[in-house]
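Reading the structure
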Amino acid sequence: MVWHKSKRILLGVSGGIAAYKSPQLARRLIERGCEVRVAMTRAACEFITPLTMQAVSGHPVHLHFLDAEAESGMGHIELARWAEQVIVAPASADFLARLAHGRAGDLLAAVALATEAEVAVAPAMNRLMWEHAATRENLKTLAARGVRVIGPGAGDQACGETGPGRMSEPEEIAVEIAGDARPLLLDGVDTLITAGPTWEALDPVRGISNRSSGKMGFAMAQAALDFGARVTLVSGPVNLPAPRGARRVDVVSAHEMSEAVMARAPKSQLFIAVAAVADYRPVNVAANKIKKDGGRMRVELEKTPDILAQVAALKSPPFTVGFAAETENALANARKKCMEKGADVIAVNDVAGGAVFGAEENAVTLVYRKNGKTGEEALTKADKYLLAVRILERIAPLRAAS
Ligand code: CTP
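Here's a quick rundown of the structure. Just so we're clear, the structure is a prediction, and the values are computed from it rather than from any experiment.

This brings us to the sheet that holds strand E12 (residues 247–250). Taken in spatial order, the eight strands of this open sheet run E12-E11-E8-E13-E16-E17-E18-E19, and their pairing is mixed. At either margin of the open sheet sits one strand with a lone partner, and together these are E12 and strand E19 (373–383). This sheet shows a mean twist of 20° between the axes of neighbouring strands, independent of strand direction. Helix H14 (residues 384–401) contacts strand E13 (270–273), strand E16 (319–326), strand E17 (345–350), strand E18 (361–370) and E19 of the sheet and is inclined by roughly 155° relative to E19.

What follows is the structure, given as structure tokens:
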């Protein structure tokens, strides 16, 4: 199976009756985790409205050069750079001719010329236009330049004729561009995830915390949602928007996180502890800002509850997954942690040097506890979302079998 981290796709719409399928194509791509921006030619707007495409893609549609709204957000050259893939669907005979001849008179054709991304076209036209020598020549030229041609299919046409020239179905195009739809490995599974750091107050303005950005936990939440899970995300103080569809519970301290988790864990089927929970908190929290006084200061700390261990110790616990950050003897420590905390899986990452904090990429080894023993599997470094997908691909069958 090919997994794509949210691929950035520019969907171009040129003029043709098949443009009525373009919103469906946008949806099919978004369902596969792609981010979609849309550019339409003037002729396309005779068939569907930019408003429809804006609504399905969630972004203003690019129509003309110097189009104040879309161009001020992202100019056409920026759009060409932004795209990791261009798909023009439908691609009319006229659009194919313009592309083959390098004409950049309209915004969509200009972007298709200015991009380094792969350009794919899904032609749609009357069968005689499709079979015309001019169209054949243009397609030959385009194919020789690396343009991918998807379809067309044959069948009844809007013009009343029957033959080749019908645009491929949105689902077929989406498979070509973004791979198979995701299997719902966690369909309806109640999943509880902790993320971010905790903040243990010393006084109203100071406290003890750590460098967790929350990105890995939020990526796990997004990936679980994409696998069909019902996700509750209990997050410490972070600067990230919650993935759409997740229930978010914001907490500050380890105690608050523990309470929020323990209230929900008995009803959850999967618990993933990604949060970097403070292990200790100040015994006394000053009501007012602590004033400096002499050269030294002592702070007495006490243990915070181990949330992962608490959840694993429940009478009928959810399948529990912990994350361990280690700077030395990573695997040996993770095996020990897995057994001691009673977690089903520990994902361990080596944070020697601190490189992982706030980074976009991460690498982990999964340590499993099975029949009183541990097994392990190393997952290579990847974007945090992609890594989350791989972790869940491994965890989902283990949970289902537990
Ligand atoms: N964890 C937790 N509650 C705590 C501390 C940790 O739920 N009070 C969870 C984390 O969310 C993570 C796992 O335990 O999933 C491992 O955390 P880590 O900090 O690596 O391990 P510790 O148990 O704190 O051990 P140490 O700091 O001694 O390495």
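Of all eight residues making up helix H5 (residues 93–100), six are buried, and the element is well covered by its neighbours. Every buried residue belonging to H5 is among Ala-93, Phe-95, Leu-96, Arg-98, Leu-99 and Ala-100, and all of these are buried. Contact partners of the buried residues in H5: strand E3 (85–91), helix H6 (107–114), strand E4 (118–123), helix H7 (127–131) and helix H8 (133–144). Following H5 by one or two positions, Gly-102 adopts a phi angle in the positive range, close to 65°.

Overall, the coordinates contain 20 salt bridges when judged by the stated rule. Salt-bridge contacts for Arg-8 lead to Glu-84; the nearest nitrogen and oxygen are separated by 3.8 Å. You can see Arg-8 sitting in strand E1 (residues 8–13) and its partner Glu-84 sitting in the loop between helix H4 (76–82) and E3, a full 76 residues away along the chain. The exposure class assigned to Glu-84 is partly exposed, which follows from its relative accessible area of 31%. Of the charged contacts in the structure, one is a salt bridge between Asp-94 and Arg-98, with a shortest N-O distance of 2.4 Å. Here the residue Asp-94 and the residue Arg-98 both occupy positions in helix H5, the gap between them amounting to four residues, near one helical turn. Exposure remark for Arg-98: the relative accessible area of 17% places this residue in the buried category.

So, about the packing of aromatic side chains. Throughout the structure, instances matching the rule amount to zero aromatic pairs. Against the face of Trp-82 rests Arg-37, its NZ or CZ located 5.3 Å from the ring centre. Residue placement shows Arg-136 over the ring face of Trp-130; its charged tip is 4.7 Å from the ring centre.

Here we take up the site of the ligand. Near the ligand you find 15 residues, and of these Ala-273, Ala-275, Leu-308, Phe-323 and Lys-341 are the closest. Take Ala-273: an N or O atom from its main chain is 2.6 Å from an oxygen atom of the ligand. At 2.9 Å, a side-chain N or O of Lys-337 approaches an oxygen atom of the ligand. Here the ligand has 570 Å² of accessible area as a free molecule, and 76% of this is covered by the chains. Under a 2 Å grid-point criterion requiring more than half of the atoms, the pocket assigned to the ligand is the second largest pocket. Of all elements in the fold, only helix H12 (307–312), E16 and helix H13 (330–341) reach the threshold of two or more residues within the shell around the ligand. Examining the composition of the shell around the ligand, we find that four residues originate from one element, E16, more than from any other.

The rules behind each value
- Residues numbered from 1 in each chain as written.
- Predicted model: local features only at pLDDT ≥ 70, side-chain atom pairs only at ≥ 80, totals over all residues.
- Heavy atoms only, no water.
- Pairing = 2+ DSSP bridges.
- Helix = DSSP H or I, 4+ residues; strand = E, 2+ residues; numbered from the N terminus.
- Axes fitted to C-alpha atoms, helices over the stretch in contact; angles between N-to-C directions.
- Contact = heavy atoms within 4.5 Å.
- Buried < 20%, exposed > 50% of the residue type's maximum accessible area, 1.4 Å probe, protein only.
- Salt bridge = Lys/Arg side-chain N within 4 Å of Asp/Glu carboxyl O.
- Phe/Tyr/Trp six-rings, centres within 6.5 Å; stacked < 30°, edge-to-face > 60°.
- Lys NZ or Arg CZ within 6 Å of the ring centre and 35° of its normal.
- Near = heavy atom within 4 Å.
- Polar contact = N/O pair within 3.5 Å; in protein donor to acceptor, adjacent residues only side chain to side chain.
- Areas by Shrake-Rupley, 256 points an atom, 1.4 Å probe, with all protein chains shown as cover.
- 1 Å grid on protein atoms, 1.4 Å probe; cavity = no way out; pocket = protein on both sides within 12 Å on 5 of 7 lines; lining within 4 Å.
- Sits in = over half its atoms within 2 Å of the grid points.

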